[in-house]
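Coordinate analysis (summary)
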Amino acid sequence: MNHFSLEGEHVKIDYSNPALPPAARNFMPDVYRDGPEYFCVLGAGSDAVILGTGSTPDEAINAWEQAYHDKAGR
């Protein structure tokens, strides 16, 4: 698993943007930049966390959306 610091750069996301995936717009997960990689995260602890990573904020959000649906069993 990738490790990153929540002390990294917090990326501001406009969650009112209709182009964003629906669960991301609803839950508004945090996006952080750590070096060249972006992390989209919601929750805490290994069981509750939903995490997506990517080389851009959009990739991380889309990966988060997929992880959300995988965890929800959809």
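Remember, predicted model here, so these are calculated numbers, not experimental data. Within any chain, residue numbers begin from 1 and follow the written order of that chain's sequence. Local features in this predicted model are restricted to residues of pLDDT 70 or higher, and side-chain atom pairs are both shown and tallied only at a pLDDT of 80 or more, whereas totals for entire chains, interfaces and linings draw on every residue. As a convention, hydrogens and water are excluded, and side-chain values are obtained from all of the structure's heavy atoms.

1. A short note on the overall build of the protein
Looking only at helices and strands, one finds two helices and four strands in the protein. The proportion of buried residues among the 74 residues of the protein is 30%. All accessible areas in this document rest on Shrake-Rupley with a 1.4 Å probe, and a residue is counted as covered only by the protein chains that are shown. Summing over all exposed atoms, the protein offers an accessible surface of approximately 4,700 Å²; the carbon and sulfur share of this is 50%. Only DSSP runs of H or I covering at least 4 residues are called helices, and only runs of E covering at least 2 are called strands; the numbering of each starts at the N terminus. The buried label applies to any residue whose accessible area, calculated with a 1.4 Å probe on protein chains only, is under 20% of its type's maximum; exposed applies above 50%, and partly exposed to all values in between.

2. Considering the sheet that holds strand β3 (residues 37-42)
Should DSSP find at least two bridges between two strands, the strands are taken to pair. Taken together, four strands build an open sheet; the order of strands is β1-β2-β3-β4 and the sheet is antiparallel. Only two strands of the sheet have a single neighbouring strand rather than two, namely β1 (9-11) and β4 (50-54). Between one strand axis and the next, the sheet turns through 30 degrees on average, direction left out of account. Packed onto the sheet, helix α2 (residues 57-72) meets β1, β2 (30-34), β3 and β4 and runs at close to 145 degrees relative to β4. Structural elements are reduced to axes, namely lines fitted to C-alpha atoms, with helices fitted over the stretch in contact, and the angle between N-to-C directions of any two is expressed from 0 to 180 degrees. Residue contacts are counted whenever heavy atoms from the two residues lie within 4.5 Å of one another.

3. Description of the confidence of the model for the protein
On average, residues of the protein score 89 in pLDDT, and 89% of them reach the 70 mark or higher. The predictor's confidence in any single residue is recorded as pLDDT, a number from 0 to 100. The secondary-structure element of the protein with the lowest mean pLDDT is β1, recorded at 92, while helix α1 (residues 22-27) shows the highest, at 96.

4. A few points about the packing of aromatic side chains
Any pair of Phe, Tyr and Trp rings, taking the six-membered ring for Trp, is counted once the centres come within 6.5 Å. Such a pair is stacked with planes under 30 degrees apart, edge-to-face with planes over 60 apart, and tilted for the rest. For the structure shown, the criterion picks out two aromatic pairs. A ring pair is formed by Phe27 and Tyr68, whose centres lie 5.3 Å apart and whose planes are at 45 degrees; its orientation type is tilted. One end of the pair, Phe27, is in helix α1; the other, Tyr68, is in helix α2, and 41 residues separate them in sequence. Overall, Tyr68 belongs to the buried group, its relative accessible area being 15%.

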